[in-house]
Amino acid sequence: MAGYRLPLLLILFTLTSAISLYAQDSEIIFNEGVEAYASEDYKLAIDKWERLISSGYYSPELYYNLGNAWFKEGSIPGAILYYEKALLLKPFNEDYRYNLEIALAYTTDRFETVPEVFFVRWYKMLSLLRGSNSWAMISLVLFILSLLLILVYLFSSGLVLKKVSFYAGLLLIFFSLVSLSLSYMNKQITVKRQSAIIFTPVVTGKSSPGNDGKDLFVIHEGTKVRIEDQIGEWAEVRLSDGNVGWILLSDIRKV
């Protein structure tokens with residue numbers, strides 16, 4: 001057994017060192033981007049921060065700074081994309097939302113938005129307060145606690161204790177299911193990433209996935225759409241006013 005300890009310790013040390021070096025390198029690159037931004041070299045800041053994202057690093061602050069840099073560079077779609085990404089991680093941040101509203105003011109399209117039921121909107125925002133795995137873990141813990149309370153109900157002789165444990169167990173089962181549904185909703189929003197931003201100056205929505213489809217609408221860069229389906233190089237998207245059409249995947253970037 002002792003013979004296995006040294007290789008395991010070496011592997012653990014190597015992994016720990018690699019993670020530490022990665023974190024240090026990420027911080028260095030991030031700070032280099034901050035210095036470039038402060039010097040008004042926005043292209044260099046964007047290059048530094050995009051490299052971080054390509055390496056797998058992300059944070060709401062990084063997305064927010066990238067949104068600011070793209071805005072300074074005059075790319076409204078880039079600014080909107082990263083402000084939206086930042087809000088996915090911190091949905092109640094006022095600075096992120098304020099800057100997003102400023103960027104949206106520069107877009108061409110103005111649609112009469114189909115209103116979303118308020119409790120659905122708040123439910124989605126609630127799901128973003130924690131990660132999908134966190135909600136799933138909360139659901140599991142609550143479910144285990146509910147089982148313990150049910151056992152108390154089954155084997156307790158006291159009438160009051162039986163009542164309290166029974167109703168408390170049912171309540172915990174309910175909140176366990178709510179947490180599980182929040183986990184699913186968070187995954188739908190953050191992992192499947194059905195929202196996207198138009199990056200091509202002018203895009204024509206088609207009635208079918210192909211250039212021979214009938215023209216349905218015209219939208220411009222910076223417009224946010226919802227991806228409903230994908231076939232080959234085409235994506236079926238839904239606009240905020242409810243209209244649906246097919247556009248090229250190359251015209252959009254997913255949030």
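Residues numbered from 1 in each chain as written. Predicted model: local features only at pLDDT ≥ 70, side-chain atom pairs only at ≥ 80, totals over all residues. Heavy atoms only, no water.

*Asks:* Any chance you could break down the overall build of the chain for me, citing the residues and the numbers?
*Replies:* Counting its secondary structure elements, the chain contains eight helices and seven strands. When the 255 residues of the chain are sorted by exposure, 33% land in the buried category. Within the structure as shown, the chain displays about 15800 Å² of accessible surface, and the carbon and sulfur contribution to it stands at 63%. (Helix = DSSP H or I, 4+ residues; strand = E, 2+ residues; numbered from the N terminus. Buried < 20%, exposed > 50% of the residue type's maximum accessible area, 1.4 Å probe, protein only. Areas by Shrake-Rupley, 256 points an atom, 1.4 Å probe, with all protein chains shown as cover.)

*Asks:* Let's hear about the packing of helix 4 (residues 76-89) against helix 5 (residues 94-104): which residues, and what values?
*Replies:* Running from amino to carboxyl end, helix 4 crosses helix 5 at an angle of 155 degrees, the nearest separation of the two axes being 9 Å. Between helix 4 and helix 5, the angle falls in the class roughly antiparallel. The handedness of the crossing between helix 4 and helix 5 is left-handed. Between helix 4 and helix 5, the contacting residues are Ile-76, Ala-79, Ile-80, Tyr-83, Glu-84, Ala-86 and Leu-87 on the first element and Tyr-96, Arg-97, Asn-99, Leu-100, Ala-103 and Leu-104 on the second. Residue classes in the contact of helix 4 with helix 5 are distributed as 10 nonpolar, one polar and two charged. (Axes fitted to C-alpha atoms, helices over the stretch in contact; angles between N-to-C directions. Parallel < 35°, antiparallel > 145°, perpendicular 65-115°, else oblique. Left-handed = near helix turned anticlockwise from the far one by under 90°. Contact = heavy atoms within 4.5 Å. Nonpolar A, V, L, I, M, F, W, Y, C, P; charged D, E, K, R; others polar.)

*Asks:* Explain the pattern of salt bridges residue by residue, including any values.
*Replies:* The tally for this structure, following the rule as stated, stands at six salt bridges. The salt bridge involving Lys-90 is made with Glu-61; its shortest N-O contact spans 3.1 Å. Highlighted residues: Lys-90 in the loop between helix 4 and helix 5 and Glu-61 in helix 3 (residues 60-72), separated in sequence by 29 residues. Note on Glu-61: relative accessible area 34%, which makes it partly exposed. Between Lys-206 and Asp-215 there is a salt bridge; the shortest N-O distance is 2.5 Å. Given the relative accessible area of 48%, Asp-215 is considered partly exposed. (Salt bridge = Lys/Arg side-chain N within 4 Å of Asp/Glu carboxyl O.)

*Asks:* I'd love a proper account of the side chain of Asn-68, names of residues and values included.
*Replies:* Here Asn-68 lies in helix 3. The residues contacting Asn-68, other than those within four sequence positions of it, are Tyr-37, Tyr-83 and Asn-99.

*Asks:* Describe in detail the pairing of strand 1 (residues 195-198), supporting the description with residues and values.
*Replies:* Two strands pair when backbone bridges link them, and strand 1 and strand 4 (residues 224-231) are joined in this way by three bridges, in the antiparallel orientation. Directly across from Ile-197, in strand 4, lies its bridge partner Lys-224. Pairing geometry for strand 1 and strand 7 (residues 252-254), over three bridges, is antiparallel. Paired with Ala-196 across the strands is Lys-254, a residue of strand 7. (Pairing = 2+ DSSP bridges.)

*Asks:* Run through the packing of helix 2 (residues 42-54) against helix 3, naming residues and quoting values.
*Replies:* Across the interface, helix 2 lies against helix 3 with an axial gap of 9 Å and an inter-helix angle of 150 degrees. The handedness of the crossing between helix 2 and helix 3 comes out as left-handed. Residues Tyr-42, Ile-46, Trp-49, Glu-50, Leu-52 and Ile-53 of helix 2 form the contact with helix 3, whose own contacting residues are Leu-62, Tyr-63, Asn-65, Leu-66, Ala-69, Trp-70 and Lys-72. Residue classes in the contact of helix 2 with helix 3 are distributed as 10 nonpolar, one polar and two charged.

That's the geometry; what it means functionally is another story.
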